[in-house]
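Listed below, chain by chain, are the residues.
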Amino acid sequence: MDGKAPNLGRPSTMIDNAIRVGLVALLVYACARIVLPFAFLLSWSAILAVMLYPLHLRLMPRLGNRGSALLIGLIGVVLMLGPMVIAVTSLATTLYSLISTLQSQNVTIPQPPLWLDGTPLIGKKLTEIWTLVASNLPAALAKYGHLLSGPLAWLATFAGGLAVGELSFVLSFAIAAVLIVYGKDAATFARRLLTRVTGSNERAVQLVTLTAATIRGVGLGVVGVALIQSSLLGLGFFAIGIQAAGPLTLVALILGIMQVPLILLTLPVVGYVFIYEATQPAVIFLIWNIVVGLGDNILRPLMLGRGLNVPMPVILMGVIGGMIVDGLLGLFVGPVLLAVSYVLLLEWLQQHPV
């Protein structure tokens, strides 16, 4: 009779496994709630650490592990803080001036060109709106002002978020310097984790190497080149005295990351400068833009951009999506994360199933 009685002292295997899974899920949820607000900042810091680690290995024999990381962090903060403060301040000032001008209704707009009226489908409507805005701005704002409330509110929010993005850049370099100190431990942890996931140590080493190469390829060859070119173009914009130098620099950065030719931006600006500036500074400005525009042919091979097998639509989605999700910081994190995911997906698809 005792042999037929169920063993009530031993829990069911199914219930035991469910409790384990539930506890793990609860722990992951609790950790995710804490980490998610800093996910983009930590991601960009890790990307910076991977990109700058080869430089750290070169400096480490002379300065030591902590000294090299400290120097890289300080130089990164100084190099990023100055241009970012100038560009962000100029952009915020331009947006504030635009909003204030529209609110004060003190805008001078020329009459529409004659060819606009003959444009099929939309020509007459655009000519009517343009004429009303140019001749009677208060009436135009009263009639179409509700259409501008949303974009103006977004512009104000975007201008306010630029300061947060600037602070995030400074913090990301500081965090990256700390991560560089523990670079070997982080690489070992990544290999152990991937070994656990893939079941193969060789496969784990291959994936870690591929991920690091992709991060450096996109981070240096795409984002790095775009950052250098936009900074040099912005220097020319500020030197020639263009009022919208900040917004133009940001547009140049976005186009550079999208790998769109910067001549699409610089050509109209050069034309504007030749109209409103003296001939000599305008010619110097033109030469400067040509040199900077052709500079990617030299910078990209030096910074590992050549041979990068990531199609442009992936980079484009990363730029737009990252900027929508996390503003200025997402502009840099988005394309790198999508590129790494794309390369790892291709690598996984090329493996033969067991």
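Residues numbered from 1 in each chain as written. Predicted model: local features only at pLDDT ≥ 70, side-chain atom pairs only at ≥ 80, totals over all residues. Heavy atoms only, no water.

## Considering the overall build of the chain
- For the chain, the helix and strand inventory stands at 13 helices and zero strands.
- Among the 354 residues that make up the chain, the fraction classed as buried is 33%.
- When contacts within the chain are restricted to residue pairs at least 6 apart in sequence, those whose partners lie at least 24 apart make up 70%.
- Summing over all exposed atoms, the chain offers an accessible surface of approximately 21,900 Å²; the carbon and sulfur share of this is 71%. (Helix = DSSP H or I, 4+ residues; strand = E, 2+ residues; numbered from the N terminus. Buried < 20%, exposed > 50% of the residue type's maximum accessible area, 1.4 Å probe, protein only. Contact = heavy atoms within 4.5 Å. Areas by Shrake-Rupley, 256 points an atom, 1.4 Å probe, with all protein chains shown as cover.)

## Remarks on a nonpolar patch on the surface
- A cluster of nonpolar side chains, Phe274, Val283, Leu286, Ile287, Ile290, Val291 and Leu294, forms an exposed patch at the surface whose accessible area comes to about 580 Å².
- Broken down by element, the residue count for the nonpolar patch peaks at five residues, all from helix α11 (residues 279-293).
- Along the chain, the position of leucine 294 falls in the loop between α11 and α12 (296-302).
- We classify leucine 294 as exposed; its relative accessible area is 52%. (Patch = residues over 30% accessible without salt bridge, like charges linked within 9 Å, V, L, I, M, F, W, Y side chains within 5 Å. Salt bridge = Lys/Arg side-chain N within 4 Å of Asp/Glu carboxyl O.)

## Thoughts on the nonpolar core
- Core analysis: the biggest nonpolar cluster contains 39 residues, and Trp44, Ile257, Ile315, Leu331 and Phe332 have the highest contact counts within it.
- For this core, the elements supplying multiple residues, two or more each, are α2 (39-63), α3 (65-104), α6 (137-181), α8 (201-240), α9 (245-257) and α13 (312-349).
- For this core, the element with the highest residue contribution is α13, accounting for eleven residues.
- In contact with leucine 331, not counting residues within four places along its chain, are Leu250, Leu253, Ile254, Ile257, Val319, Gly322 and Met323.
- In this structure, Ile242, Ala252, Val273 and Ala282 belong to the second largest nonpolar core, which totals 16 residues. (Core = buried A, V, L, I, M, F, W, Y, C linked by side-chain atoms within 4.5 Å.)

## A word on the pattern of salt bridges
- Under the definition given, this model contains two salt bridges.
- Between arginine 20 and aspartate 16 there is a salt bridge whose closest N-O contact spans 3.0 Å. Of this pair, arginine 20 and aspartate 16 both sit in helix α1 (residues 13-35), four residues apart, which is roughly one turn of that helix.
- We note a salt bridge from arginine 203 to glutamate 347, for which the minimum N-O separation is 3.2 Å.

## So, the packing of aromatic side chains
- With the rule as written, the count across this model stands at two aromatic pairs.
- Relative to phenylalanine 285, the ring of phenylalanine 237 lies with its centre 6.1 Å away and its plane at 45°, an arrangement referred to as tilted. Note that phenylalanine 237 is positioned in helix α8 and phenylalanine 285 in helix α11, a separation of 48 residues in sequence.
- When its relative accessible area of 0% is taken as the criterion, phenylalanine 237 is described as buried.
- Phenylalanine 285 gets classed as buried once you look at its relative accessible area, which sits at 4%. (Phe/Tyr/Trp six-rings, centres within 6.5 Å; stacked < 30°, edge-to-face > 60°.)

## Section: the environment of valine 78
- Tracing the sequence through the fold places valine 78 in helix α3.
- Classification of valine 78 as exposed rests on a relative accessible area of 60%.
- Taking the C-alpha atoms as reference points, valine 78 and valine 170, 92 residues apart in sequence, are found 8.7 Å from one another.

## Re α2
- The end-to-end C-alpha distance of α2, which contains 25 residues, comes to just 31 Å, noticeably less than the 36 Å that a straight helix rising 1.5 Å per residue would cover.
- Following α2 by one or two positions, glycine 64 has its phi on the positive side, about 85°. (Expected span 1.5 Å × (residues − 1).)

## A look at the packing of α2 against α8
- Direction vectors running N to C along α2 and α8 enclose 90°, while the axes themselves pass 9 Å from each other. The orientation of α2 with respect to α8, classified from their angle, is roughly perpendicular. Mapping the contact onto sequence places Trp44, Ile47, Val50, Met51, Tyr53 and Pro54 in α2 and Ala212, Ile215, Arg216, Gly219, Leu220 and Val223 in α8.
- The residue makeup of the contact of α2 with α8, split by class, is ten nonpolar, one polar and one charged. (Axes fitted to C-alpha atoms, helices over the stretch in contact; angles between N-to-C directions. Parallel < 35°, antiparallel > 145°, perpendicular 65-115°, else oblique. Nonpolar A, V, L, I, M, F, W, Y, C, P; charged D, E, K, R; others polar.)

## Comments concerning the confidence of the model for the chain
- Chain-level pLDDT for the chain is 77 on average; 75% of the residues reach the 70-or-more range.
- Looking at the elements of the chain, mean pLDDT is at its lowest for helix α4 (residues 114-117), recorded as 68, and at its highest for α11, recorded as 87. (pLDDT = per-residue confidence, 0-100.)

## Digging into the side chain of serine 68
- With respect to the helices and strands, the residue serine 68 is situated in helix α3.
- Serine 68 sits in the buried class, given a relative accessible area of 0%.
- At 3.0 Å, the side chain of serine 68 and the side chain of histidine 56 are in polar contact. (Polar contact = N/O pair within 3.5 Å; in protein donor to acceptor, adjacent residues only side chain to side chain.)

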